[in-house]
Amino acid sequence: MPFRNTSERWGSLSIALHWLTVVLLLSQVAVGLTMESLPNTPFKRDVYLLHKSFGLTVLGLTALRLGWRFFQSTPALPADTGRAQRFAARFSHGAMYFLLIAIPASGWTFNWASNFSTPWFGLTVMERAGSVNREVKAAAGEAHEWGVYVLLALLLVHAGAAFWHHYRLKDRVLWRMAPWLRPPV
Amino acid sequence: MILRPLVLALGFASLAFLPAPAFAAAAKAPAAAAPAEAALPVWTSGPGSTLTFESSYDGESFEGGFSDFRAEIAFDPARLSASRFDVRIALASANTENDERDETLHGAEFFNVAALSDARYTATAFRALPDGRFVADGELALNGAKQAVPLTFRWVGGASPRLEGTATLNRLAFNVGIGDWGDLEMMPDSVTVTTTLVLKPSR
């Protein structure tokens, strides 16, 4: 498997970053939806620190993916893909990249407006603001939560489309991102 | 005559109708004249007064303050034995500029505001330090515990006196930060409390 993308398939770096993002995203959503109801103990604080650290990691990885994507070709869609479908693919991928930046960024803003310093696995990335900003905090919290719901909806469409390509259209769209699958004929 | 004992008895009985304070005043009259027994004027903490505390968690320091407290101070550097402090602190007013931390701080494992809303600091014993400052050997009642907490302070007298004081206390002696929060590696036992009282005459 080539390291870089080709017009035929995704390179190993793109594939690794894609699936790493899937694992991180699903864990972050699971933890994020439950951690609020934990009792106020040091354990809760540790869970939040990890959620923040992994969230920043997703932000960094997404920036890396966009940069990597920008400097090379991406595999082409099958030649018989219609205009509407091409638009849907472009739009949903763009929206997912946007949310993979916007959700961690809104979480970071929420954290900043709550007057916490910004942690990344024991490092302090940014010092605390010094005071609470309740309006910003409320807006960022809403954006963080709704961003996740929209991303989950897009994720369902994204995965559904991938399976559609693989099992109904029997093209190589999913296979080139998941090369351990048996390629369709 | 039979009338003499009767008049005497009536005379003594009439004494019982004198108001009690008149008796007390009569008995204490010579002592009350001595200045050492007169009560000191009482001052109350006014606008500009602060009561703050400092601690740290996981290496990151934080400061908090109580916005609602009332100090009643009777103090005269020349009459330490007549001096008195009485301070009431509304624990729910603790604010560290972080809503999540404040919620924890008000909760059962820290100030337990739901069980007991106020802390109280009282002092009746005072001593002067060689550097001109004073120490109140007072007691803090907090979270159901009562412990000696000496408060070292500077007194700036005048028409509107100021008190600038600092005390160090051990939070665990007052059950503040119990359970998993009791890990002293993460959060030290010792807490520094600082106060500035801008005093005005009481009432």
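This structure is a prediction, so every number in the text was calculated from the model and none was measured.

Visitor: If you had to explain the overall build of chain B to someone new, which residues and values would you point to?
Guide: Each helix and strand counted, chain B has 3 helices and 12 strands in total. Buried positions account for 23% of the 203 residues belonging to chain B. A separation threshold of at least 6 residues defines the contact pool for chain B, and within that pool the share at least 24 residues apart is 56%.

Visitor: Account for the environment of A:Met1, naming residues and giving values.
Guide: Residue and element names in this part refer to chain A. Its place among the elements puts Met1 in the segment before α1 (12–34). By the C-beta count within 10 Å, which is 9 here, Met1 ends up exposed. If near-sequence neighbours (up to four positions away) are discounted, Met1 is found in contact with Ser12 and Pro179.

Visitor: Go over the pairing of strand β2 (residues 50–57) of chain B with me, naming the residues and quoting the values.
Guide: All names here are of chain B. Two elements, β2 and strand β12 (residues 190–201), share 5 bridges in a ladder whose sense is antiparallel. When the bridges of β12 are listed, Thr50 appears paired with Thr196. Two strands pair when backbone bridges link them, and β2 and strand β3 (residues 60–66) are joined in this way by 6 bridges, in the antiparallel orientation. Within β3, the position partnered with Phe53 by the bridge is Gly64.

Visitor: Go over the interface of chain B and chain A with me, naming the residues and quoting the values.
Guide: Each partner contributes to the interface: chain B provides 13 residues, whereas chain A provides 10 residues. In terms of residue count, helix α3 (residues 99–106) of chain B provides more of the side of chain B that touches chain A than any other element does, 4 residues in total. Here the side of chain B that touches chain A is composed, by residue class, of 2 nonpolar, 4 polar and 7 charged.

Visitor: Pulling in residues and values, what's your account of the environment of A:Arg176?
Guide: All names here are of chain A. Tracing the backbone through its elements, the reader meets Arg176 in the segment after α4 (134–169). Residue Arg176 is classed as buried on the basis of its 20 C-beta neighbours within 10 Å. For the pair Arg176 and Ile15, spaced 161 residues apart in sequence, the C-alpha to C-alpha distance is 8.6 Å. Sequence-distant contacts of Arg176, defined by excluding residues within four places in its chain, comprise Arg9, Trp10 and Pro75.

Visitor: Outline unusual backbone geometry, listing residues and values.
Guide: For A:Asn115, which is not glycine, the phi torsion reads 70° and is therefore positive. Its location among the elements puts A:Asn115 in the loop between α3 (83–113) and β1 (118–120). Assessed through the 20 C-beta atoms surrounding it within 10 Å, A:Asn115 is described here as buried. Despite not being glycine, B:Glu97 shows a phi value in the positive range, around 60°. On the secondary structure map, B:Glu97 appears in the loop between β6 (94–95) and α3.

Visitor: Tell me about the packing of helix α2 (residues 42–70) of chain A against α3(A), and please be specific about residues and values.
Guide: Residues and elements named next belong to chain A. Contact pair α2 / α3: the axes reach a minimum separation of 9 Å and the direction vectors enclose 145°. In this structure, the crossing between α2 and α3 has a hand that is left-handed. Two secondary-structure elements touch here, α2 through Lys52, Gly55, Leu56, Val58, Leu59, Thr62 and Leu66 and α3 through Tyr97, Leu100, Ile101, Pro104, Ala105, Gly107 and Asn111. When its residues are assigned to classes, the contact of α2 with α3 shows 9 nonpolar, 4 polar and 1 charged.

Rules behind the numbers
Residues numbered from 1 in each chain as written. Chains lettered and ligands numbered in written order. Predicted model: local features only at pLDDT ≥ 70, side-chain atom pairs only at ≥ 80, totals over all residues. Helix = DSSP H or I, 4+ residues; strand = E, 2+ residues; numbered from the N terminus. Buried ≥ 20, exposed ≤ 12 C-beta atoms within 10 Å, placed from the backbone. Contact = placed C-beta atoms within 7 Å. Pairing = 2+ DSSP bridges. Nonpolar A, V, L, I, M, F, W, Y, C, P; charged D, E, K, R; others polar. Axes fitted to C-alpha atoms, helices over the stretch in contact; angles between N-to-C directions. Left-handed = near helix turned anticlockwise from the far one by under 90°.

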